[in-house]
Amino acid sequence: MMPKANDPSRSVAPKAAQKKPRKTEAAFDLWLQKGLHDIFDNVAHEPIPEELLRLIEEDRKR
Amino acid sequence: MTADIMMPTFHDQIIAILPKLRIQALALTRNRAAAEDLVQDAVCNALSAQQSFIPGTNFPAWMHRILRNRFISNLRKRRDTTDIDDVPSSVFATEAPHEDRLALKELAAAMTRLPSDQREALVMVVVHGMSYEALAESTGCAVGTAKSRVFRARRQLESWLLGETKESSKAGRNAAALLARRLAEGERDVIRA
């Protein structure tokens, strides 16, 4: 007979099997941090548009 | 005792925070041109509202909130769609090996699929190194909500990139294979740390 979906003996095992080791999560987070820096750091280092700087400086002089 | 330290002016603080605003704007809009426009709009709003800023309070949080509010306001006005794959071309002009660039491309594409609040939260914590408390103040939410957004973003990306869903593309599975190798290297680093 097929076990019912809410049978505790059925639900516990798959949950345990799905649980990821913490070190895998930590390794993924480390990789993610490096990847996000690779993607976004260049944007931060691009020169600020002259128009935007002029806008700020003109307001400063007021 | 008098404070001899020169406090940066309001305008100096705006100029100093521009790089972080650009990153926040790109995380929200997913589009370079829209991000530049959003930063400019937010700066205009900040200049107009400078009398409402209380010196000595958290300027970055004030500025990030202005940008975020402007983004939400623009969304309500336009209800438009944005490019979903507008990754900075400079990302792919790095000296990283070809397979690493593919994995980065997969990461950038997966980022665009995250809800904007999760994407913004993840970038502000991971790239800016912002604390959960500062993130909460900058985005006008509870600290628990800020933590939850970052946590869900991380685990969702992990799920997509490691090919744990039916949606995984062939390219995604290839990236996952590479990622698995990089993770093995990363795990060694984690164990050593």
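Keep in mind that this is a model prediction, so the values were computed, not measured.

Conventions adopted
- Residues numbered from 1 in each chain as written.
- Chains lettered and ligands numbered in written order.
- Predicted model: local features only at pLDDT ≥ 70, side-chain atom pairs only at ≥ 80, totals over all residues.
- Helix = DSSP H or I, 4+ residues; strand = E, 2+ residues; numbered from the N terminus.
- Contact = placed C-beta atoms within 7 Å.
- Nonpolar A, V, L, I, M, F, W, Y, C, P; charged D, E, K, R; others polar.
- Buried ≥ 20, exposed ≤ 12 C-beta atoms within 10 Å, placed from the backbone.
- pLDDT = per-residue confidence, 0-100.
- Axes fitted to C-alpha atoms, helices over the stretch in contact; angles between N-to-C directions.
- Parallel < 35°, antiparallel > 145°, perpendicular 65-115°, else oblique.
- Left-handed = near helix turned anticlockwise from the far one by under 90°.

## Considerations on the environment of glutamine 156 of chain B
Part 1: Relative to the elements of secondary structure, glutamine 156 of chain B occurs in helix H7 (residues 143-161).
Part 2: C-alpha of glutamine 156 of chain B to C-alpha of glutamine 118 of chain B: the two residues are 38 residues apart in sequence and 9.9 Å apart in space.

## Considering the interface of chain A and chain B
Part 1: Contact with chain A, which involves 26 residues of that partner, is made by 34 residues of chain B.
Part 2: Residues of the side of chain A that touches chain B, tallied by class, amount to 16 nonpolar, five polar and five charged.

## Considerations on the environment of serine 52 of chain B
Residues and elements named next belong to chain B.
Part 1: Structurally, serine 52 is set in the loop between helix H2 (32-48) and helix H3 (59-78).
Part 2: Residue serine 52 is classed as exposed on the basis of its 8 C-beta neighbours within 10 Å.
Part 3: Each C-alpha atom of the pair serine 52 and glycine 140 lies 17 Å from the other, and the pair is 88 residues apart in sequence.

## Some thoughts on the confidence of the model for chain A
Part 1: For chain A, per-residue confidence averages 76 on the pLDDT scale, and residues scoring 70 or more make up 66% of the total.
Part 2: When mean pLDDT is taken per element in chain A, helix H3 (residues 50-61) of chain A scores highest with 95 and helix H1 (residues 8-18) of chain A scores lowest with 44.

## Here we look at the environment of leucine 21 of chain B
All names here are of chain B.
Part 1: Inspection of the secondary structure assignment puts leucine 21 in helix H1 (residues 10-29).
Part 2: For the pair leucine 21 and cysteine 44, spaced 23 residues apart in sequence, the C-alpha to C-alpha distance is 13 Å.
Part 3: Apart from residues lying up to four places away in sequence, leucine 21 is in contact with Val39, Ala42, Met63 and Leu67.

## Notes on the packing of H1 of chain B against H2 of chain B
Angle between the axes and distance between the axes are the two parameters that describe a pair of packed helices.
Residue and element names in this part refer to chain B.
Part 1: Their axes nearest at 8 Å, the elements H1 and H2 cross at an angle of 135°. Between H1 and H2, the angle is such that the two are oblique. H2 is crossed by H1, and the crossing has right-handed handedness. Where H1 approaches H2, its residues Ile14, Leu18, Leu21, Arg22, Ala25, Leu26 and Thr29 are matched on the opposing element by Arg32, Ala34, Ala35, Leu38, Val39, Ala42, Val43 and Ala46.
Part 2: Looking at the contact of H1 with H2 residue by residue, the class counts come to twelve nonpolar, one polar and two charged.

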